[in-house]
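# Structural overview
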Amino acid sequence: KNDVVLTHTLGGATAFISSVLDALNLPFNYVSKVGPDFAYNNSVLNHPPIVARKTAEFYAYFHSDPSQIRPEEDRVLKRTRSSDLISPSDLPDDDVSFGMAVGVAGEIVPKTLEKMTELCDVVLVDVQALIRVFDETDGTVKLVNLKETGFNHLIHRIGFLKASAEEAPYVDVDEVRKVCCVVVTSGEDGCTVYWKDGEMRISPFSAVQVDPTGAGDSFLGGLVAGLVQGLAVPDAALLGNFFGSLTVEQIGLPEFDQRLMQKVKNEVQARKMQRDGHSEESRFTKTSGHEQFIASLVAAKLVKTRTVSPNGGDQVLDPNTRYTDVISLK
């Protein structure tokens with residue numbers, strides 16, 4: 001920030017998404033690649049990557065003066081090293097219910113995504129894996145229109161396409177929503193779900209933002225976690241917003257409080273039981289109990305800002321104080 005390196009940390013969509021799914025004890029297989037120079041050993045990783053030739057590396061540039069970056073950006077990303085491509089042969093041959101294509105450094109190619117659509121009942125794609133390009137001189141991340149990529153002909157074969165508010169202009173949402181569900185995340189404003197017959201805004205969760213890195217990945221982790229457990233799309237997207245809000249409050253990979261996660265798992269299970277019996281046609285409907293689900297997740301989130309007082313009861317801490325104790329960004 002302001003030309004001072006604050007930290008180096010493990011990143012990448014797989015790392016953030018696996019943090020969410022592991023916290024919820026959901027089994028998934030992961031395919032990612034690093035090089036021999038990868039800085040993190042297996043004691044740090046729950047899911048070791050494939051060791052190939054190169055490790056992707058990014059620098060995220062922040063600035064206190066908003067005039068130094070474009071209004072629609074909160075940072076400037078530069079890819080300083082690229083990784084090896086993930087090929088169709090790297091994917092497991094087993095048929096699976098849900099698959100996620102979440103590349104960050106141009107490592108996913110059209111043939112790999114096509115293979116995923118053949119193996120998976122439902123594929124969720126982060127559009128950044130499809131529309132990111134990188135300046136040949138300094139690696140600055142730029143975006144191109146989805147129609148100009150080699151992926152556009154596969155869109156009708158995926159189930160969900162996620163885009164940030166910054167990326168959405170590069171996607172013809174009105175056209176793409178005719179063939180798959182489009183979810184546009186808007187940071188502190190939550191997200192909006194678009195499908196063929198309608199659209200719906202999903203409520204955000206308040207957060208003290210320290211680092212936006214990985215928020216979209218954690219959102220996707222929460223979204224797929226909800227879908228896997230049988231939640232309707234609005235409830236699953238709400239769970240995505242929840243995990244996105246937890247992630248921006250920490251630098252690098254988030255650490256999730258175990259008590260908080262147990263409460264979340266309990267609330268998800270209770271919501272699923274309310275959902276049981278509804279028809280497939282209602283999966284985009286905010287059924288009764290959605291607002292209560294919001295309230296229950298808000299209440300659960302208070303767990304991480306509580307501590308045990310000397311008299312044995314819970315004491316609510318000022319969240320601003322908690323974050324100032326972690327790091328001060330001036």
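What you see is a predicted model, and the numbers here were worked out from it, not measured in a lab.

### A look at the overall build of the protein
- Within the protein one finds nine helices and 14 strands.
- Relative to its full complement of 330 residues, the protein shows a buried share of 46%.
- Sequence separation of at least 24 residues holds for 60% of the intrachain contacts in the protein that already meet a minimum separation of 6.
- For the protein, the accessible area works out to roughly 16,700 Å², and carbon and sulfur atoms hold 48% of it.

### Some words on the sheet that holds strand E11 (residues 191–195)
- Taken in spatial order, the six strands line up as E5-E6-E9-E10-E11-E12 in an open sheet, and their pairing is mixed. The open sheet is flanked by strand E5 (96–101) and strand E12 (198–202), the only strands paired with a single partner. Within the sheet, the average angular offset between the axes of one strand and its neighbour, ignoring direction, is 15°.
- Two elements, strand E6 (residues 120–126) and strand E9 (residues 160–164), share three bridges in a ladder whose sense is parallel. The residue of E9 that forms the bridge with Leu124 is Phe160.
- The sheet contacts of helix H5 (residues 215–228) involve E5, E6, E9, strand E10 (181–185) and E11, and relative to E5 the element is tilted by about 170°.

### Some words on the packing of H5 against helix H6 (residues 233–247)
- Closest axis-to-axis distance for the H5/H6 pair is 7 Å, and the angle between their directions is 145°. Relative to H6, the crossing made by H5 is right-handed. Contact with H5, carried on its side by Ala215, Ser218, Phe219, Gly222, Leu223, Ala225, Gly226 and Leu227, involves Val233, Ala236, Ala237, Leu239, Gly240, Asn241, Phe243, Gly244 and Thr247 of H6 and no other residues of that element.
- Looking at the contact of H5 with H6, its residues break down into ten nonpolar, seven polar and no charged.

### Concerning the nonpolar core
- Membership of the largest hydrophobic core comes to 48 residues, with the highest contact counts inside it found for Val193, Phe243, Met261 and Val264.
- Going through the elements one at a time, helix H1 (13–23), E10, E11, E12, H5, H6, helix H7 (258–275) and helix H8 (290–301) are the ones with two or more residues in this core.
- Here this core gets eight residues from one element, more than from any other, and that element is H6.
- Discounting chain neighbours no more than four positions away, the residues touching Val264 are Leu24, Leu239, Phe242 and Leu297.

### Re the pairing of E6
- The buried fraction of E6 amounts to five of the seven residues, a majority that puts the element mostly inside the structure.
- Bridging between E5 and E6 involves five bridges; their strand directions are parallel. Of the residues in E6, the one forming a bridge with Phe98 is Val122.
- Once the chain exits E5 it traverses helix H2 (residues 110–119) before rejoining the sheet at E6, and the crossover so formed is right-handed.

What counts and how
Residues numbered from 1 in each chain as written. Predicted model: local features only at pLDDT ≥ 70, side-chain atom pairs only at ≥ 80, totals over all residues. Heavy atoms only, no water. Helix = DSSP H or I, 4+ residues; strand = E, 2+ residues; numbered from the N terminus. Buried < 20%, exposed > 50% of the residue type's maximum accessible area, 1.4 Å probe, protein only. Contact = heavy atoms within 4.5 Å. Areas by Shrake-Rupley, 256 points an atom, 1.4 Å probe, with all protein chains shown as cover. Pairing = 2+ DSSP bridges. Axes fitted to C-alpha atoms, helices over the stretch in contact; angles between N-to-C directions. Left-handed = near helix turned anticlockwise from the far one by under 90°. Nonpolar A, V, L, I, M, F, W, Y, C, P; charged D, E, K, R; others polar. Core = buried A, V, L, I, M, F, W, Y, C linked by side-chain atoms within 4.5 Å. Right-handed = clockwise from strand over helix to strand, strands pointing away.

Spatial relationships are all this shows, so hold off on functional conclusions.
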